[in-house]
Amino acid sequence: MSFDLVGLPALSRFAIDRAEPLRGDEEKLAALWPKARMIVVDTRGRTLVADRGTRVADRPATDFGDQPPVNAVLLGEQDGVAHFAVLMPAEDGEQVPASRAWGPPELTDEPQWLDLRQAGATLDDTSAGLFTTAAALFQWHRLGKYCAKCGARTVLEKSGWTSVCSGCGREEYPRTDSAVICLVHDGADRVLVARGPEWPEGRFSVLAGFVEAGESLEACVAREIFEEVGVAVRDVRYLGSQPWPFPRSLMIGFEAVADPAEPLLLAEGEIAEAKWVSRADVRQAIEVPGSVPGLGLAGGASIAFRMLQSWSVGS
């Protein structure tokens with residue numbers, strides 16, 4: 001039985017105009033600067049989040065000077081207000097957080113520094129879109145400091161959206177790695193979930209993998225699932241997509257049908273555990289996290305969560 005997503009994945013939300021024509025228009029940017037807002041992202045990928053995780057705590061852009069800093073990126077414009085982001089080092093002496101947060105953070109009334117995995121599901125539409133775009137751009141900046149053609153240093157232009165080689169003049173734009181993510185079900189009331197070896201025991205999601213050169217999305221779905229768990233799929237169908245800037249992926253969601261009687265053959269080093277679970281257990285694990293022994297699910301910021309949630313509410 002097919003299903004549709006019950007809503008946009010958390011990081012697919014964007015409520016303002018990306019304002020591409022503004023990026024290289026220094027005169028208009030200067031005119032917008034006095035009323036502009038600035039998001040600060042630290043080098044650990046966190047920003048200051050307020051109101052119990054629902055809003056990015058931006059600041060007046062003029063706090064950062066009388067014109068846009070050279071390292072500021074334009075995120076978009078809404079009602080005459082331009083939104084920028086700037087990357088700044090984390091403060092000295094701060095405790096280094098875990099490299100990956102597996103559970104939801106404890107949200108507080110006081111502003112707190114959270115990363116996109118932690119805050120992506122609770123932020124409002126505008127904040128989610130701005131933070132996701134900022135995180136994606138800064139990851140691209142981090143990985144694209146040198147020209148892929150001649151190796152010279154690159155210089156950022158057009159409000160952080162264009163990289164120009166200082167040696168050969170080659171231009172490059174933000175890169176995105178395509179990846180498929182697929183919810184495999186039996187056409188009735190069971191779904192296939194798995195976990196990677198770096199995941200804690202009991203933490204599961206749906207299957208995913210990167211698209212190879214010369215490969216269609218549908219072919220990638222079939223190949224990745226067969227390689228990872230040894231199961232053949234049919235009736236591959238597109239569901240939706242979501243940016244996933246860790247570091248620069250676009251997750252393209254699908255559903256597919258497989259036979260649960262087929263043996264699961266786990267790819268060594270990639271899949272530590274896989275199993276079929278019932279719709280009722282998935283629904284319960286989403287509604288009351290921790291209530292189904294051995295079934296913790298993907299976090300709310302991921303498209304995997306939206307896919308599992310959408311499938312679970314079907315009949």
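Residues numbered from 1 in each chain as written. Predicted model: local features only at pLDDT ≥ 70, side-chain atom pairs only at ≥ 80, totals over all residues. Heavy atoms only, no water.

Some words on the nonpolar core
What tends to happen in soluble globular proteins is that the nonpolar side chains get buried as a cluster.
Here is step 1: Grouped together as the largest cluster of nonpolar side chains are 48 residues, with contacts concentrated most on Leu75, Leu183, Val191, Val282, Leu295 and Leu308.
Here is step 2: It is helix α3 (residues 125–143) that contributes the most residues to this core, eight residues altogether.
Here is step 3: When residues no more than four places from it in sequence are discounted, the contact partners of Val191 are Leu183, Val184, His185, Lys275, Trp276, Val277, Val282, Leu308 and Trp311. (Core = buried A, V, L, I, M, F, W, Y, C linked by side-chain atoms within 4.5 Å. Buried < 20%, exposed > 50% of the residue type's maximum accessible area, 1.4 Å probe, protein only. Helix = DSSP H or I, 4+ residues; strand = E, 2+ residues; numbered from the N terminus. Contact = heavy atoms within 4.5 Å.)

Section: the environment of Gly151
Here is step 1: Here Gly151 is to be found in the loop between α3 and β8 (154–157).
Here is step 2: In the structure, Gly151 is positioned 16 residues away from Gly167 in sequence and 8.1 Å away in space, judged by C-alpha atoms.

Some points on the packing of aromatic side chains
Here is step 1: Counted under the stated rule, the structure contains three aromatic pairs.
Here is step 2: Aromatic pair Trp33 and Phe84: ring centres 5.2 Å apart, planes at 75 degrees, arrangement edge-to-face. Taken as a pair, Trp33 in the loop between α1 (26–32) and β1 (37–42) and Phe84 in strand β6 (residues 81–88) lie far apart in primary sequence, 51 residues in all. Both residues of the pair, Trp33 and Phe84, belong to the buried class.
Here is step 3: Judged by centre distance (4.6 Å) and plane angle (75 degrees), the rings of Trp244 and Phe246 are edge-to-face.
Here is step 4: Given the relative accessible area of 15%, Trp244 is considered buried.
Here is step 5: Seen from the ring of Trp311, Arg279 lies directly overhead, with NZ or CZ sitting 4.3 Å from the centre. (Phe/Tyr/Trp six-rings, centres within 6.5 Å; stacked < 30°, edge-to-face > 60°. Lys NZ or Arg CZ within 6 Å of the ring centre and 35° of its normal.)

Concerning the pattern of salt bridges
Here is step 1: Applying the stated rule across the entire model yields 19 salt bridges.
Here is step 2: Residue Arg223 pairs with Glu224 through a salt bridge whose shortest N-O separation is 3.2 Å.
Here is step 3: Looking at Arg223, the relative accessible area reads 17%, which means it is buried.
Here is step 4: Its relative accessible area of 10% is what places Glu224 among the buried residues.
Here is step 5: We note a salt bridge from Arg237 to Glu255, for which the minimum N-O separation is 2.7 Å. With Arg237 in strand β15 (residues 234–244) and Glu255 in strand β16 (residues 249–257), the pair connects residues that are 18 residues apart, well separated along the chain.
Here is step 6: By relative accessible area, Glu255 is classed as buried at 1%.
Here is step 7: Connected via shared salt-bridge partners are Glu212, Glu215, Arg223, Glu224 and Glu227. (Salt bridge = Lys/Arg side-chain N within 4 Å of Asp/Glu carboxyl O.)

Thoughts on helix α6 (residues 303–312)
Here is step 1: Among the 10 residues in α6, nine count as buried, and that is most of the element.
Here is step 2: Taken as a whole, α6 has its buried residues at Ile303, Ala304, Arg306, Met307, Leu308, Gln309, Ser310, Trp311 and Ser312.

Some thoughts on empty space enclosed by the protein
Here is step 1: If you walk through the whole model with that rule in mind, you get one cavity of 30 Å³ or more.
Here is step 2: Lining of the largest cavity is provided by Trp140, Gly144, Tyr146, Cys147, Ala148, Thr154, Ser163, Val164, Cys165, Arg170 and Glu172.
Here is step 3: Sorting elements by how many residues they give to the lining of the largest cavity places strand β9 (residues 162–165) first, with three residues.
Here is step 4: In the lining of the largest cavity, the residues fall into six nonpolar, three polar and two charged. (1 Å grid on protein atoms, 1.4 Å probe; cavity = no way out; pocket = protein on both sides within 12 Å on 5 of 7 lines; lining within 4 Å. Points joined across faces, edges and corners; volume = space filled by probe spheres on them. Nonpolar A, V, L, I, M, F, W, Y, C, P; charged D, E, K, R; others polar.)

Concerning the environment of Phe84
Here is step 1: Owing to a relative accessible area of 2%, Phe84 belongs among the buried residues under this scheme.
Here is step 2: Phe84 sits 12 residues away from Ala72 along the chain, and the two C-alpha atoms are 6.4 Å apart.
Here is step 3: Ignoring sequence-local partners within four residues, the contact set of Phe84 consists of Leu29, Trp33, Ala36, Arg37, Met38, Ile39, Pro68, Ala72, Val73, Leu74 and Leu75.

Section: the packing of helix α5 (residues 279–287) against α6
Here is step 1: One way to put it is that α5 packs onto α6 with a least axis distance of 9 Å and a crossing angle of 125 degrees. Here α5 is positioned oblique relative to α6, judged by the angle of their axes. Like other packed secondary-structure pairs, α5 and α6 cross with a definite hand, here left-handed. In this structure, α5 contributes Arg279, Val282, Arg283 and Ile286 to the contact, and α6 contributes Phe305, Leu308, Gln309, Trp311 and Ser312.
Here is step 2: Residues belonging to the contact of α5 with α6 are distributed by class as follows: five nonpolar, two polar and two charged. (Axes fitted to C-alpha atoms, helices over the stretch in contact; angles between N-to-C directions. Parallel < 35°, antiparallel > 145°, perpendicular 65-115°, else oblique. Left-handed = near helix turned anticlockwise from the far one by under 90°.)

Section: the sheet that holds β9
Here is step 1: Spatially, β8-β9-β10 is the arrangement adopted by the three strands of the open sheet, whose pairing is antiparallel. The open sheet has two edge strands, β8 and β10 (171–172), and neither has a second partner.
Here is step 2: In terms of strand pairing, β9 meets β10 through two bridges, oriented antiparallel. Each residue of the ladder has a partner; that of Val164, found in β10, is Glu171. (Pairing = 2+ DSSP bridges.)

Regarding the confidence of the model for the protein
Close inspection of predicted coordinates is inappropriate for parts of the model with low pLDDT.
Here is step 1: On average, the protein scores 94 in pLDDT, and the residues at 70 or more come to 96%.
Here is step 2: In this model residues 93–99 is a low-confidence stretch, pLDDT under 50, and it forms six contacts with partners more than four residues away in sequence or in other chains. (pLDDT = per-residue confidence, 0-100.)

What to know about the UniProt feature "domain: Nudix hydrolase" (unreviewed entry) in the protein
Here is step 1: Here, the residues flagged by UniProt with the feature "domain: Nudix hydrolase" (unreviewed entry) are residues 174–299.
Here is step 2: In residues 174–299, the share of helix is 17% and the share of strand is 39%. The end C-alpha atoms are 26 Å apart. (UniProt positions renumbered as here; feature names shortened; annotations may be inferred.)

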